[in-house]
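Observations on chain architecture
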Amino acid sequence: MVRSRITGTGSCLPDKILTNLDLERIIDTSDEWITSRTGIKERRIAEEGQFTSTFAAEASRRALEMAGIKAEELDLIILGTVTPDFPFPATACIVQHEIGAVNAAAFDLSAACSGFIYGLSIADKYIRTGDAKKVLVIGAEVLSRVVDWTDRNTCILFGDGSGAAVLEVTEGDSGILSTHIFSNGSFWNTLYQPGCGNRNPATNEQTLLDRLCYIRMEGNDVFKHAVRAMEEAACTALTANGMTPADVSLLIPHQANRRIIDATAKRLGIAADDARLFVNLHNYGNTSSASIPISIDEANRTGRMKSGDNVLLAAFGGGFTYGSALIRW
Ligand code: COA
């Protein structure tokens, strides 16, 4: 059976670390509050001269190196991001140029924290239909530039970075077994950036005065929906493949909040301290579309996934968007 398989993974994070103690110095918060409510201890922050494309290109080079293929061999580049370098052109085109993927079509995809799963789903379909043989899927964000550093409800949560995966066609047993993507647009304004699009353009002085170009979030609403949606997406993946949670070797959930991760895992019968649950949120915070590919790369490079393992990915994000992927490693 023809399917797609991840043959290389890579990630790239800024060197600059912002700890909870650093945040205590700029807003009214505490390490204790952030740790107990979110599980986050520190996050990475892009420095001047570093952009979404900077991290995306480096993560991509590392993924290509692991896959052992040249950038020229890529047919398609899909980059999930809500913090592109520019409104246009697509950051994917900048990455294409930087890595020398001269034969690829390249586009950005806006599905917030589900961006990588959405990208994986499209890439998988392109490969299964035979329209592409080698596809690069990237999640990359510089959220620190759309975070309101005066808003303690949101600024503690987010971080910057990128992860990437190379998908290639395979006829073996391993690879992507299924992907499922969902949206619920009735909550579009529960987690969003009100300004700097064309409803509230940055060219309008009021947009800047009202601080509309920063992330706005109804934290409690997002929390409740995230747990339910990630469970639904994960269960859909298992049912579609005739599996139960006992068949899952590793669950990699979107890294938004430790309490969301634990609640999702619990609903799947996986305990918070189970080695089958992957968590790196304490180091990076919520990197939106980058969180799952950074996690896959870490799990891959540290030997957390072995040949034949069933790896379940589940994500949730603004939109709302959500989705899952089940991979036989
Ligand atoms: N430091 C200290 N206190 C803070 C704070 C901070 N950084 N942020 C909020 N508080 C305060 C609030 O002002 C509130 O005080 P009050 O009771 O005096 O009004 C109190 O803490 C409780 O706030 P609440 O919003 O009810 O806390 P919570 O337990 O719901 O946690 C979030 C808030 C944001 C951590 C939580 O709702 C969450 O994680 N939501 C999901 C966010 C998310 O993951 N988004 C991305 C999804 S992809």
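In this text, all values refer to a predicted model and were calculated from it rather than measured experimentally. (Residues numbered from 1 in each chain as written. Predicted model: local features only at pLDDT ≥ 70, side-chain atom pairs only at ≥ 80, totals over all residues. Heavy atoms only, no water.)

**Describing the site of the ligand**
The full set close to the ligand counts 21 residues, and Thr29, Arg37, Arg152, Asn220 and Asn257 are the nearest of them. Between the ligand and the protein, one listed contact pairs an oxygen atom with a side-chain N or O atom of Arg37 at 2.6 Å. Asn257 has a polar side-chain atom sitting 2.6 Å from an oxygen atom of the ligand. A molecule is said to occupy a pocket when more than half its atoms come within 2 Å of that pocket's grid points, and by this definition the ligand occupies the second largest pocket. Listing elements by their share of the shell around the ligand, those giving two or more residues are α2 (31–38), α7 (219–240) and α8 (258–267). No other element matches α7, which puts 4 residues into the shell around the ligand. Viewed by domain, the shell around the ligand spans two of them, domain 1 (3–171) and domain 2 (177–328), each represented by three or more residues. (Near = heavy atom within 4 Å. Polar contact = N/O pair within 3.5 Å; in protein donor to acceptor, adjacent residues only side chain to side chain. 1 Å grid on protein atoms, 1.4 Å probe; cavity = no way out; pocket = protein on both sides within 12 Å on 5 of 7 lines; lining within 4 Å. Sits in = over half its atoms within 2 Å of the grid points. Helix = DSSP H or I, 4+ residues; strand = E, 2+ residues; numbered from the N terminus. Domains from an automatic or database assignment.)

**Re the domain arrangement of the protein chain**
Domain boundaries assigned for the protein chain yield domain 1 (3–171) and domain 2 (177–328). When each unit is reduced to the centre of its C-alpha atoms, the spacing between domain 1 and domain 2 is 14 Å. On the domain 2 side, the residues contacting the 51 residues of domain 1 number 47 residues. Looking only at domain 1, the three residues that lose the most surface to domain 2 are Cys113, Ile117 and Tyr118, adding up to 18% of its buried area. Our enumeration of links across domain 1 and domain 2 arrives at 1 salt bridge. (Contact = heavy atoms within 4.5 Å. Buried area = accessible area lost by both parts, 1.4 Å probe. Salt bridge = Lys/Arg side-chain N within 4 Å of Asp/Glu carboxyl O.)

**Section: the layout of surface pockets**
As a volume, the largest pocket reaches approximately 1,200 Å³. Sorting the residues of the lining of the largest pocket by element identifies β5 (105–109) and β9 (191–192) as the ones contributing at least two each. The space that makes up the second largest pocket amounts to roughly 580 Å³. If you trace the second largest pocket, you find 28 residues lining it, with Asn153, Leu157, Met217, Gly219 and Asn220 closest to the centre. Going through the elements one at a time, α2, β10 (216–217), α7, α8 and β12 (310–317) are the ones with two or more residues in the lining of the second largest pocket. Of the residues in the lining of the second largest pocket, the class split is 15 nonpolar, 9 polar and 4 charged. Looking at which domains feed residues into the lining of the second largest pocket, each of domain 1 (3–171) and domain 2 (177–328) gives three or more. (Points joined across faces, edges and corners; volume = space filled by probe spheres on them. Nonpolar A, V, L, I, M, F, W, Y, C, P; charged D, E, K, R; others polar.)

**Regarding the pairing of strand β4 (residues 76–80)**
The element β4 is largely enclosed, with a buried count of 5 among its 5 residues. The alternating pattern of β4 places Leu76, Ile78 and Gly80 and Ile77 and Leu79 on opposite faces, both of which are buried. Sheet topology places β4 next to β5; 5 bridges connect them, and they run parallel. Looking at the pairing, Gly80 lines up with Leu109 of β5. On the question of chirality, the crossover connecting β4 to the parallel β5 by way of helix α4 (residues 91–99) is right-handed. (Buried < 20%, exposed > 50% of the residue type's maximum accessible area, 1.4 Å probe, protein only. Pairing = 2+ DSSP bridges. Right-handed = clockwise from strand over helix to strand, strands pointing away.)

**Comments concerning the sheet that holds strand β6 (residues 134–142)**
Through backbone hydrogen bonds, the strands of a sheet pair up, either in parallel or in antiparallel fashion. Reading across from one edge, β1-β7-β6-β4-β5 is the order of the 5 strands in this open sheet, with mixed pairing throughout. Bordering the open sheet on either side are β1 (3–12) and β5, each of which pairs with just one other strand. Going across the sheet, the axis of each strand differs from the next one's by a mean of 20°, ignoring polarity. Packed on one face of the sheet, helix α3 (residues 52–67) meets β1, β4, β6 and β7 (160–170) and runs near 125° to β1. Sitting on the sheet, helix α5 (residues 115–129) touches β1, β4, β5, β6 and β7, and the angle it makes with β6 is about 170°. (Axes fitted to C-alpha atoms, helices over the stretch in contact; angles between N-to-C directions.)

**Examining the packing of aromatic side chains**
In the structure shown here, the tally under the stated rule is 4 aromatic pairs. Seen from their ring centres, Phe182 and Tyr322 are 5.0 Å apart, and the 20° between their planes marks the pair as stacked. Of this pair, Phe182 sits in strand β8 (residues 175–183) while Tyr322 sits in strand β13 (residues 321–328); the two residues are 140 residues apart in sequence, bridging distant segments of the chain. Relative accessible area serves as the criterion here: at 11%, Tyr322 is assigned to the buried category. An angle of 15° between the planes, with centres 5.1 Å apart, marks the rings of Phe187 and Phe320 as stacked. Placement of the pair is Phe187 in the loop between β8 and β9 and Phe320 in the loop between β12 and β13, with a sequence separation of 133 residues. Classification of Phe187 as partly exposed rests on a relative accessible area of 23%. For Phe320, a relative accessible area of 2% gives the class buried. Following the ring pairs from residue to residue traces out a cluster consisting of Phe187, Phe316 and Phe320. (Phe/Tyr/Trp six-rings, centres within 6.5 Å; stacked < 30°, edge-to-face > 60°.)

**Brief notes about the state of the cysteines**
Applying the stated criterion across every chain, the model contains 1 disulfide. Residue pairing for Cys196: its cysteine sulfur links by disulfide to Cys213, the two sulfurs lying 1.9 Å apart. Residues Cys196 and Cys213 are joined by a disulfide whose S-S torsion is about 90°; by sign, that bridge is right-handed. Pair noted here: Cys196 is in the loop between β9 and α6 (205–209) and Cys213 is in the loop between α6 and β10, with a separation of 17 residues, a long-range link. Look at Cys196 and you get partly exposed, because its relative accessible area is 37%. The cysteine Cys12 is free of any disulfide, with Cys113 supplying the nearest cysteine sulfur at 19 Å. Cys113 supplies the cysteine sulfur nearest to Cys155, a cysteine that is in no disulfide, at a spacing of 16 Å. Note on Cys155: relative accessible area 0%, which makes it buried. (Disulfide = S-S within 2.5 Å.)

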